[in-house]
Amino acid sequence: MSYDKQLRDVAEKLALILAQGGMQKTTARVMTSLLFSQRETMTAADLCEELQISSGAVSGAVKQLTQSGLLERVPAPGSRRDHYRFPDGAWAKLMSQQNQLLATMGEVAEQGLAAAGGPSTPAGRRLAEMEDFYAFILRELPPLIDRWRTNFTAKREADHD
């Protein structure tokens, strides 16, 4: 089995996992294609050819991935086509963006806890646990991401020395 075939197989496996987790299948395939590509950038035509999907499907996936920060447009001197790549720092950025969702979940738990009459009721007990969980995650996640960024930067700099 060729190296490129092995990369494509693993990319398809991750795309399937992401689709099972709720991402649209085409969006997941475009993302993993860029992530696993040996090329620095790919055009929409490259993605259509590699994935055997329509330009409309690629366009929709590109729009979603760009909005979420999992894809970026990059200039390509001498080319009139848009070029795309999986950006450095995407995972930390994606996790950082989750903070708003986590905060919203915590707020809803807090409101529900008040509406349930406090933690002494059955619903209140469950909602208090939910509120505690999201408050904990919101406290712990930003410093964890910052530590990862520091470690990753140090590792990258050491690899370049």
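The name an unreviewed UniProt entry gives the protein is HTH marR-type domain-containing protein, with Streptomyces rapamycinicus as the organism.

Draft legend 1. Examining the packing of aromatic side chains more closely. In this structure the tally under the stated criterion is 3 aromatic pairs. Their ring planes at 85 degrees and their centres at 5.0 Å tell us that F133 and Y134 sit as a pair that is edge-to-face. With a relative accessible area of 44%, F133 lands in the partly exposed category. For Y134, a relative accessible area of 16% puts it in the buried group.

Draft legend 2. Here's a closer look at helix α5 (residues 90-115). Taking 1.5 Å per residue, 26 residues should reach 38 Å; α5 reaches 38 Å between its end C-alpha atoms and fits that length. Listed as buried for α5 are A90, A92, N99, L102, G106, A109, G112 and L113. In this structure, the buried side of α5 is in contact with α6 (122-160).

Draft legend 3. Region of the structure containing the packing of helix α2 (residues 25-36) against helix α4 (residues 55-68). Interhelical geometry of α2 versus α4 gives an angle of 75 degrees and a closest axis separation of 9 Å. Taken together, α2 and α4 sit at an angle that is classed as roughly perpendicular. Contacts between α2 and α4 involve T26, T27, V30 and M31 from the former and A57, A61, Q64 and L65 from the latter. The residue makeup of the contact of α2 with α4, split by class, is 5 nonpolar, 3 polar and no charged.

Draft legend 4. Spatial organisation of the packing of α5 against α6. Here α5 crosses α6 at 160 degrees, and the two axes come no closer than 8 Å. With respect to their mutual orientation, α5 and α6 come out roughly antiparallel. The element α5 and its partner α6 pack so that their crossing is left-handed. A breakdown of the residues in the contact of α5 with α6 according to their chemical character gives 17 nonpolar, 5 polar and 4 charged.

Draft legend 5. Structural view of the nonpolar core. Within the largest apolar cluster, 17 residues are counted, with the highest numbers of intra-cluster contacts made by V30, L34 and L71. For this core, the secondary structure elements donating two or more residues are α2, α3 (44-51) and α4. Setting aside anything within four residues of it in sequence, one finds L71 in contact with V30, L34, V62, L65, T66, Y84, R85 and P87. Of all hydrophobic cores here, the second largest spans 5 residues; its members include A92, L102, Y134 and L141.

What counts and how
Residues numbered from 1 in each chain as written. Predicted model: local features only at pLDDT ≥ 70, side-chain atom pairs only at ≥ 80, totals over all residues. Heavy atoms only, no water. Phe/Tyr/Trp six-rings, centres within 6.5 Å; stacked < 30°, edge-to-face > 60°. Buried < 20%, exposed > 50% of the residue type's maximum accessible area, 1.4 Å probe, protein only. Helix = DSSP H or I, 4+ residues; strand = E, 2+ residues; numbered from the N terminus. Expected span 1.5 Å × (residues − 1). Contact = heavy atoms within 4.5 Å. Axes fitted to C-alpha atoms, helices over the stretch in contact; angles between N-to-C directions. Parallel < 35°, antiparallel > 145°, perpendicular 65-115°, else oblique. Nonpolar A, V, L, I, M, F, W, Y, C, P; charged D, E, K, R; others polar. Left-handed = near helix turned anticlockwise from the far one by under 90°. Core = buried A, V, L, I, M, F, W, Y, C linked by side-chain atoms within 4.5 Å.

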